[in-house]
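# Understanding the architecture of this molecule
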Amino acid sequence: MAWKMKQGYELVVGLEVHAELATRTKIFCSCPTTFGAVPNTQCCPVCLGYPGALPVLNAEVVHFAAKAGLALGCRIARFSKHDRKNYFYPDLPKAYQISQFDQPLCEGGELLISTAAGEKRIGITRIHIEEDAGKLIHDERGTLLDMNRCGVPLIEIVSEPDIRTPEEADAYLRKLRTVLRYTGVSDCRMQEGSLRCDVNLSIRKPGEAFGTRTEMKNLNSFVSVVKAIEAEYDRQVSAIEAGETILQETRRFDQRSGQTYAMRRKENANDYRYFPEPDLGPVIVTETQLAAWQGELPVLPDARKAAYMAQYGLSAYAAEQIVSERAIAEYFEQAAALSHAPKTVANLLITEVFRLLDGEDAVICISPEDLARLADMTEDGEINNNTAKAAIAGVWQTDETPEDYVNRLGLRQISDAAVLSPLVRQTIEENPKMVAQYYGGKASVKRAIMGAAMRLAAGKANPDMMMRLVDEALDGQENK
Ligand SMILES: [Zn+2]
């Protein structure tokens, strides 16, 4: 059910998304970033924060972060710098995080989202580079610390408070993940924590100043983001209606109860005592680098969607489904180029192939050539749509071609008038009552006659051809 405003309070949401960059090594040392390694095997004095250890910036981190910025339409700073964010971090032994404060690498981008209400632009305030912290593992022995994640490079993507419904938040996150995965700078696997989202939320009467916002940190699925927004919105509306004041604080969303709970009063930027990181030089990006990085960007989902709609006549919905993953878009383009029925290719892809795909990194187990051939056979009336789908499922992960499958099971449509005409004649002879009703003016009976003829052909008749023959037999029309 669509979400609705309550008592005239507008929802105002901004999202902060942390994405782990897919560099091979960490941001300030050469330790590997492989996910799932034995705890504390991918660390060195730099990422463990030993006194005197000096960070060296991994150039690939700037490259990847700038690429993300370019894909999201940001201005890339030619000069930016790192700052220390001081805090008590139980999982970051230096007691500060190296981040970027007042001079981030990327600023002023945007993302186009589409929801049932239409398309909308969500502003992107900034993208900055920072290091990740380690991981606390709570089990029956107490709390353990895995430092492998210390120093894994992150980008933090901060949106403008432009989001007005939970659905828009969901669409924003999905689109952001799509764009980041297109560029290859992050795999954005939420279940592995490589994409995490903080929600800033306030409410107001439309036209009024922004209300006090609360923050919910480290939500790790799209569903929990939506649920957390709904719950916190309801809480703030009830609180204000009861005459209470909203406090600026960090709250925790509890999935089991579906409620949010206060954790701590929210710090302001000046509480972190940011200061420039003295152990690192500035981040300089040259025009030459920028041009090269721009050239590495793939055709992005919005451009592909527009092309599919214009070139192949796909609906916005179908085009959007296909561009949601770069590998699927590229697969579709290969198959569509080989077929004279690209719309049918798209239809088979988003129905049957999507149904068979399992998980976000799943591989399509039918070649683009075979899908193109099936689409052509459907378009040419050799098989019907249901047979095409059955053939995709039938040859999935096998070596058989769909054409062999169709032939082996005798699934070809019969389009031959010489075969179908006698069946039509037989139908008319066997159903004199229906024929009389039809000539008596009951036009709808034609459908029943058609159905009876199709049954005689065991469902394998080409329906268009059969309809034409039924028309000719009943009305004597010489339809061509
Ligand atoms: Zn290290």
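Structure shown above.
Residues numbered from 1 in each chain as written. Predicted model: local features only at pLDDT ≥ 70, side-chain atom pairs only at ≥ 80, totals over all residues. Heavy atoms only, no water.

### Here we look at the overall build of the protein
Using the following cut-off: Labels follow the DSSP assignment, with helices taken as runs of H or I lasting at least four residues and strands as runs of E lasting at least two, numbered in each case from the N terminus. The size measure is the radius of gyration over C-alpha atoms, and the globule rule it meets is 2.2 Å times the number of residues to the 0.38 power. Any residue under 20% of the maximum accessible area for its type is buried, any over 50% is exposed, and the rest in between are partly exposed; the area is computed with a 1.4 Å probe on protein chains only. It only takes one pair of heavy atoms within 4.5 Å for two residues to be counted as in contact. Here the open area of atoms and residues is found with the Shrake-Rupley method and a 1.4 Å probe, where only the protein chains shown may cover a residue.
Secondary structure assignment for the protein yields 15 helices and 16 strands. What you see for the protein is a C-alpha radius of gyration of 30 Å, clearly larger than the 23 Å of a compact globule of 480 residues, by over 25%. Principal axes of the C-alpha set define a box for the protein whose edges measure 95 × 55 × 50 Å. Residues counted as buried form 48% of the 480 residues belonging to the protein. If you take every contact in the protein between residues at least 6 apart in sequence, the share linking residues at least 24 apart comes to 67%. Summed over all atoms, the accessible surface of the protein reaches about 23,200 Å², with 52% contributed by carbon and sulfur.

### Section: the coordination of the zinc ion
For clarity, the threshold we go by: Distances define the donors: N, O and S atoms within 2.8 Å of the metal qualify, as do those within 3.2 Å of Na, K or Ca. Water is excluded, so some sites may look unfinished. Sites are called tetrahedral only when four donors show all angles between 85 and 135 degrees, square planar or octahedral only when four or six donors show opposite pairs over 155 degrees and all other angles between 65 and 115, and irregular in any remaining case.
Listed as protein donors to the zinc ion are Cys29 (SG), Cys31 (SG), Cys44 (SG) and Cys47 (SG); their distances from the metal cover 2.3 to 2.4 Å. Classification of the site at the zinc ion as tetrahedral follows from its four donor atoms and the range of 102 to 115 degrees in their angles at the metal. Ordering the donors of the zinc ion by residue number gives the pattern C-x1-C-x12-C-x2-C. Take cysteine 44 and cysteine 47: they sit in the same class, and that class is buried.

### Some thoughts on helix 3 (residues 222-241)
Quick note on the threshold: Each residue after the first adds 1.5 Å to the expected span of a helix.
Over its 20 residues, helix 3 runs 29 Å from end to end, which matches the ideal 28 Å to within 8%, given 1.5 Å per residue. Within the span of helix 3, buried status applies to Phe222, Ser224, Val225, Val226, Ala228, Ile229, Ala231, Glu232, Tyr233, Gln236, Val237 and Ala239. Elements that come into contact with the buried residues of helix 3 comprise strand 1 (10-20), helix 2 (166-183), strand 11 (195-204), strand 12 (214-219), strand 13 (249-254) and strand 14 (259-265).

### Notes on helix 1 (residues 59-71)
The condition that has to hold: In protein, a polar contact requires one atom able to donate a hydrogen and another able to accept it; more generally it is a pair of N or O atoms within 3.5 Å, and residues adjacent in sequence count only if both atoms are side-chain atoms.
Taking 1.5 Å per residue, 13 residues should reach 18 Å; helix 1 reaches 19 Å between its end C-alpha atoms and fits that length. The element helix 1 is extensively covered by neighbouring structure, given that eleven of its 13 residues are classed as buried. When we look at burial in helix 1, the residues that qualify are Val61, Val62, His63, Phe64, Ala65, Ala66, Lys67, Ala68, Gly69, Leu70 and Ala71. The N-terminus of helix 1 is capped by asparagine 58, whose side-chain oxygen sits 3.0 Å from the backbone nitrogen of glutamate 60.

### Some details on the sheet that holds strand 14
Formally: When DSSP locates at least two bridges between a pair of strands, those strands are taken to pair.
Sheet architecture is open: nine strands sit in the order 2-6-7-10-1-11-12-13-14, paired in mixed fashion. Looking at the sheet topology across the chains shown, the edges are occupied by strand 2 (75-76) and strand 14. Relative to strand 6 (residues 106-115), strand 2 runs antiparallel, the two being bridged by two bridges. Note on strand 6: the bridge partner recorded for isoleucine 76 is cysteine 106.

### Considerations on unusual backbone geometry
Not every positive phi belongs to a glycine, and cysteine 188 is a case in point at roughly 55 degrees. Unusually for a residue other than glycine, arginine 273 sits at a positive phi of about 45 degrees. Here arginine 273 is to be found in the loop between strand 14 and strand 15 (275-276). Under the relative-accessibility criterion, arginine 273 is labelled exposed at 56%.

### Considering the pairing of strand 13
Basically, it comes down to this: We call a crossover right-handed when, viewed with both strands directed away from the observer, the connection leading from the first strand over the helix to the second proceeds clockwise.
By the criterion of burial, strand 13 is predominantly enclosed, with five of the six residues buried. Handedness of the β-α-β unit built from strand 12, helix 3 and strand 13 comes out left-handed. Note: strand 13 against strand 14, six bridges, orientation antiparallel. Residue pairing for strand 14: threonine 250 is matched across the bridge by arginine 264. The loop that links strand 13 with its antiparallel partner strand 14 comprises four residues; one of these, glycine 258, has a positive phi angle of about 70 degrees.

### Digging into the pattern of salt bridges
Pairing between side chains becomes possible if they bear opposite charge and their charged atoms approach one another. Selection rule: The term salt bridge refers to a pairing of a side-chain nitrogen on Lys or Arg with a carboxyl oxygen on Asp or Glu at a separation within 4 Å.
Under the criterion given, the structure shown has 40 salt bridges. For arginine 84, the salt bridge is made with aspartate 279, and the minimal N-O distance between the two is 3.4 Å. One end of the pair, arginine 84, is in strand 4 (residues 83-86); the other, aspartate 279, is in the loop between strand 15 and strand 16 (283-284), with 195 residues separating them in the sequence. Taking the relative accessible area as the measure of exposure, aspartate 279 reaches 33% and is therefore partly exposed. Residue aspartate 139 pairs with arginine 141 through a salt bridge whose shortest N-O separation is 2.5 Å.

### Some details on the environment of serine 257
Within the secondary structure, serine 257 sits in the loop between strand 13 and strand 14. A residue is classified by how much of its surface remains accessible, and serine 257, at 35% relative accessible area, is partly exposed.

### Structural notes on the side chain of serine 159
Position of serine 159 among the secondary structure elements: in strand 10 (residues 153-159). Exposure remark for serine 159: the relative accessible area of 6% places this residue in the buried category. Not counting residues up to four positions away in its chain, the partners in contact with serine 159 are Gly14, Leu15, Ile122, Gly123, Ile124, Thr125 and Tyr172.

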